[in-house]
2 protein chains.
Amino acid sequence: MIGLSNYAGVMEGVMNSAEEQQASSPLTNSWSNKQESSENPKSNGVGGFVLVHAGAGYHSESKAKEYKHVCKRACQRAVAQLKAGALAVEAVAAALVELEDSPFTNAGMGSNLNLSGEIECDASIMDGKSLHYGAVGAISGIKNPVLVANRLLNEAQKGKLSAGRIPPCFLVGRGAHDWAVSHGIPSCPSEKMATKFSLSAYKRNKRKMELAETMETGQTKKRRQSSENGNSSGCLDTVGAVVVDLEGNVAAAVSSGGLAMKHSGRVGQAAHYGCGCWAENACNMNTYSTAVSTSGIRLCTLHK
Amino acid sequence: MIGLSNYAGVMEGVMNSAEEQQASSPLTNSWSNKQESSENPKSNGVGGFVLVHAGAGYHSESKAKEYKHVCKRACQRAVAQLKAGALAVEAVAAALVELEDSPFTNAGMGSNLNLSGEIECDASIMDGKSLHYGAVGAISGIKNPVLVANRLLNEAQKGKLSAGRIPPCFLVGRGAHDWAVSHGIPSCPSEKMATKFSLSAYKRNKRKMELAETMETGQTKKRRQSSENGNSSGCLDTVGAVVVDLEGNVAAAVSSGGLAMKHSGRVGQAAHYGCGCWAENACNMNTYSTAVSTSGIRLCTLHK
């Protein structure tokens, strides 16, 4: 098992300049990478910065190569966006799409299945320039939940709806799905989002759960386990990214399929305002720009 | 139109001692009430304190009497619980049930209808002693959403589920409804939760929206209104309460039917961790106990 997979790319004129930074210790390495790479993003004429991670949980060592590759692709995709003049919020969404599209991450395609054998995803995105925020929770049948969160953010920036109604910034469940489809984001059959790996993990977890419940029934109806019996499904393996664009704006995003065998309708921190991600440009009140994408840990704080 | 309806009750041995405190200015009055009544809850042998409000939006003056009555009943119900030895979190849930049961508040019975003509509620509760939190978002067909939030909090306090699974603290939509029913909370047909008032408000809002959209189409496809066109549906009229029990524990809760004509699946701040309510007992790190129930405003901070 390996720890956090992360990847940082600093724009230096060529796409392949992104430096691979595999963390042996998730917290300490992502922190030192960040400090070295971003203390002054513009000091050497470099105007953009991208940092992505493919999950704070634990991953199979056999898939280490895949995790590194998807991080690299996500980083490159965001860098390409920045080079084309995109703002931080657009670039961070592009990075997340790449992470969600990988069948190896617990986000979008290949997400954990819930108790009912369905995929329900959480995602959120924040723009440090406008401080606007968009999030979806327990959304099914959408390949890229971060695109719905981003669309919510964009729509909210347009102002009020007809008759002075306040636009939503957080939608959940069926309503979130329907809103996405009505805004041009295509539906994706849930069975296409499950992978061989996620389906076999579901079957394994279900057997484990049934066995545990049978044993509990046979004992003194002790329904709950001790805290030592951890969830082996790789909890907290949320994916995320933070970006600084050429103008120095920051953005952050996060996406997760949530805990394996969670109850239908459970929303995790990836969709919570102020919990899943945060981005805030420097201003008169703040000396520093901040962009954070969490998975139960602080991933990064970027200094302006 | 009248402003915030609130009510405070300090236990003095008799039930009817609760003092009616109608705020002429919601922010300033609820603040001064709090300071006078709770600076030291035990200083005169009084061990409990309850403060409730029936909505931070604007209410029809014709219903002022009803709002005061429901606040009084909610306060009395919580005080009765405290007298019977209940903890703050149980008493605050009891107060919220009374507020939700009133057809005049935008919570539980008589909540605002959404765009599809359905009722979807948000609620959350926090126990200052354990710091446990429970919330539901966009839940339909449950008369008292706060009871589901409270049950989530209670279940989480029991520890992990079978096979080491982490219990949910925030459930939304259909999943939240099904979890509630499977935990003994009865379903309530949505048509029974709508009132004559909420149905006529829905029809009025729908006509207004359609008229606004027709006018916009006739103009230059200006889809959005200026920020001056406020939502006349009494936005932010969330109900809530804060309680101190005989042991000095604090708890807070909040419940809302959300914005009128909101999109299906929209979750508002009442269900957001750290946004809808907060409760935290005093400890070595904190000199003060804090209990807050928000509706876009800070309602109350209680000093130990």
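Each value, and the rule that gives it
Residues numbered from 1 in each chain as written. Chains lettered and ligands numbered in written order. Predicted model: local features only at pLDDT ≥ 70, side-chain atom pairs only at ≥ 80, totals over all residues. Heavy atoms only, no water. Helix = DSSP H or I, 4+ residues; strand = E, 2+ residues; numbered from the N terminus. Buried < 20%, exposed > 50% of the residue type's maximum accessible area, 1.4 Å probe, protein only. Contact = heavy atoms within 4.5 Å. Areas by Shrake-Rupley, 256 points an atom, 1.4 Å probe, with all protein chains shown as cover. Core = buried A, V, L, I, M, F, W, Y, C linked by side-chain atoms within 4.5 Å. Least-squares fit on C-alpha atoms with pLDDT ≥ 70 in both. Salt bridge = Lys/Arg side-chain N within 4 Å of Asp/Glu carboxyl O. Expected span 1.5 Å × (residues − 1). Axes fitted to C-alpha atoms, helices over the stretch in contact; angles between N-to-C directions. Parallel < 35°, antiparallel > 145°, perpendicular 65-115°, else oblique. Left-handed = near helix turned anticlockwise from the far one by under 90°. Nonpolar A, V, L, I, M, F, W, Y, C, P; charged D, E, K, R; others polar. UniProt positions renumbered as here; feature names shortened; annotations may be inferred. Patch = residues over 30% accessible without salt bridge, like charges linked within 9 Å, V, L, I, M, F, W, Y side chains within 5 Å. Lys, Arg positive; Asp, Glu negative; His and termini not counted. Charge placed at Lys NZ, Arg CZ, Asp CG, Glu CD. Buried area = accessible area lost by both parts, 1.4 Å probe. Polar contact = N/O pair within 3.5 Å; in protein donor to acceptor, adjacent residues only side chain to side chain. Pairing = 2+ DSSP bridges. pLDDT = per-residue confidence, 0-100.

An unreviewed UniProt entry lists chain A under the name Threonine aspartase 1, with Solea senegalensis given as the organism.

Caption draft 1: Quick peek at the overall build of chain A. The secondary structure content of chain A amounts to 7 helices and 10 strands. The burial tally for chain A puts 57% of its 304 residues in the buried class. Across chain A, every contact between residues at least 6 apart in sequence was considered, and the portion connecting residues at least 24 apart equals 69%. Roughly 12,500 Å² of accessible area belongs to chain A as shown, and the carbon and sulfur atoms make up 53% of that amount.

Caption draft 2: Layout of the nonpolar core. In terms of nonpolar packing, the biggest core is built from 54 residues, with B:Val50, B:Val52, B:Leu99, B:Ile125 and B:Val148 touching the most fellow members. The biggest single contributor to this core is helix H3 (residues 88–101) of chain B, with 9 residues. Sequence-distant contacts of B:Val148, that is, excluding residues within four places in its chain, are made with B:Val136, B:Ile139, B:Ile142, B:Ala176, B:Trp179, B:Ala180 and B:Ile185. Ranked by size, the runner-up nonpolar core spans 38 residues in total, among them A:Val172, A:Ala271, B:Tyr133 and B:Ala291.

Caption draft 3: Looking closely at the relation of the copies chain A and chain B. Once chain A has been moved 0.0 Å along the axis and rotated by 180°, it coincides with chain B to within an RMSD of 0.0 Å. The superposition operator between the copies reduces to a two-fold rotation axis. When each C-alpha of chain A is compared by its distance to the rotation axis, A:Gly173 comes out closest, at 3.0 Å. Of the residues that chain A buries at the interface, 100% are likewise interface residues in chain B, meaning the two copies contact each other through the same surface.

Caption draft 4: Region of the structure containing the pattern of salt bridges. All names here are of chain A. One pass over the full model with this rule turns up 14 salt bridges over all chains. One salt bridge connects glutamate 155 with lysine 158, and the closest N-O pair in it is separated by 2.8 Å. With relative accessibility at 6%, the residue glutamate 155 sits in the buried group. A cluster of three or more residues bridged by salt bridges with shared partners is formed by Arg73, Arg77 and Glu98.

Caption draft 5: Here's a closer look at helix H4 (residues 145–157) of chain B. All names here are of chain B. Relative to the 18 Å expected for 13 residues at 1.5 Å per residue, H4 spans 19 Å between its end C-alpha atoms, a close match to the ideal helical length. When H4 is considered as a whole, its buried residues turn out to be Pro145, Val146, Val148, Ala149, Asn150, Leu152, Leu153, Glu155 and Ala156. Next to the buried residues of H4 lie H3, strand S3 (121–127), strand S4 (133–139), strand S5 (170–172), helix H5 (173–182) and strand S7 (250–256). Phi turns positive, to about 100°, at glycine 159, one or two residues after H4.

Caption draft 6: The packing of helix H2 (residues 64–83) of chain A against helix H3 (residues 88–101) of chain A, seen in detail. Residue and element names in this part refer to chain A. Interaxial distance between H2 and H3 falls to 8 Å at its minimum, and their mutual angle equals 155°. In terms of axis orientation, H2 runs roughly antiparallel to H3. Between H2 and H3 lies a crossing whose hand is right-handed. For the pair H2 and H3, contact is made by Val70, Arg73, Ala74, Arg77, Ala78, Gln81 and Leu82 and by Glu90, Ala91, Ala94, Ala95, Val97, Glu98 and Leu99, respectively. Here the contact of H2 with H3 is composed, by residue class, of 9 nonpolar, 1 polar and 4 charged.

Caption draft 7: Highlighting the packing of H3(A) against helix H4 (residues 145–157) of chain A. Residues and elements named next belong to chain A. Contact geometry of H3 with H4 gives a least axis separation of 8 Å together with a crossing angle of 160°. It follows that H3 is roughly antiparallel to H4 by the angle criterion. Only Pro145, Val146, Leu147, Asn150 and Leu153 of H4 make contact with H3, whose side of the interface consists of Val89, Ala93, Leu96, Val97 and Glu100. Partitioned by chemical class, the residues of the contact of H3 with H4 number 8 nonpolar, 1 polar and 1 charged.

Caption draft 8: Structural detail: the UniProt feature "active site" (unreviewed entry) in chain A. This chain's UniProt record puts "active site" (unreviewed entry) on A:Thr238. Mapping A:Thr238 onto the fold places it in the loop between helix H7 (196–218) and strand S7 (239–244).

Caption draft 9: A positive patch on the surface, seen in detail. Residues and elements named next belong to chain A. A cluster of basic side chains, namely Lys203, Arg204, Arg207 and Lys208, defines a positive patch on the protein surface. For arginine 207, the position within the fold is in helix H7. Residue arginine 207 is classed as exposed on the basis of its relative accessible area, which comes to 54%.

Caption draft 10: Structural context of the interface of chain A and chain B. Contact with chain A, which involves 42 residues of that partner, is made by 42 residues of chain B. Together chain A and chain B conceal approximately 3,600 Å² of surface at their shared face, both sides included; 60% is due to carbon and sulfur atoms. Along the contact surface separating chain A from chain B lie 2 salt bridges. Inspection of the chain A/chain B interface yields 8 residue pairs in polar contact (both at pLDDT 80 or more). Broken down by element, the residue count for the side of chain A that touches chain B peaks at 5 residues, all from H7(A). Residue classes in the side of chain A that touches chain B are distributed as 18 nonpolar, 14 polar and 10 charged.

Caption draft 11: Expanded view of the pairing of strand S2 (residues 49–53) of chain B. All names here are of chain B. Within S2, 5 of the 5 residues are buried, which leaves it mostly tucked inside the rest of the structure. Of the two faces of S2, the one carrying Phe49, Leu51 and His53 and the one carrying Val50 and Val52 are both buried. As judged from the 5 bridges shared by S2 and strand S6 (residues 239–244), these two strands associate in the antiparallel manner. When the sheet's bridge partners are listed, phenylalanine 49 is paired in S6 with valine 244.

Caption draft 12: Layout of the confidence of the model for chain A. All names here are of chain A. In the predicted model, chain A carries a mean pLDDT of 81, and 74% of its residues have values of at least 70. Within the model, the stretch residues 11–46 combines pLDDT values under 50 with 67 contacts to residues more than four positions away or in other chains. The low-confidence segment residues 225–235, where pLDDT is below 50, has 26 contacts with residues more than four positions distant or belonging to other chains. Across the whole predicted complex the pTM is 0.85, and at the interface the ipTM reaches 0.85.

Caption draft 13: Spotlight on the environment of A:Leu152. Residue and element names in this part refer to chain A. In this fold, leucine 152 is placed in helix H4. Take leucine 152: its relative accessible area is 0%, and that puts it in the buried class. Sequence-wise, leucine 152 and alanine 176 are 24 residues apart; in three dimensions their C-alpha atoms are separated by 9.8 Å.

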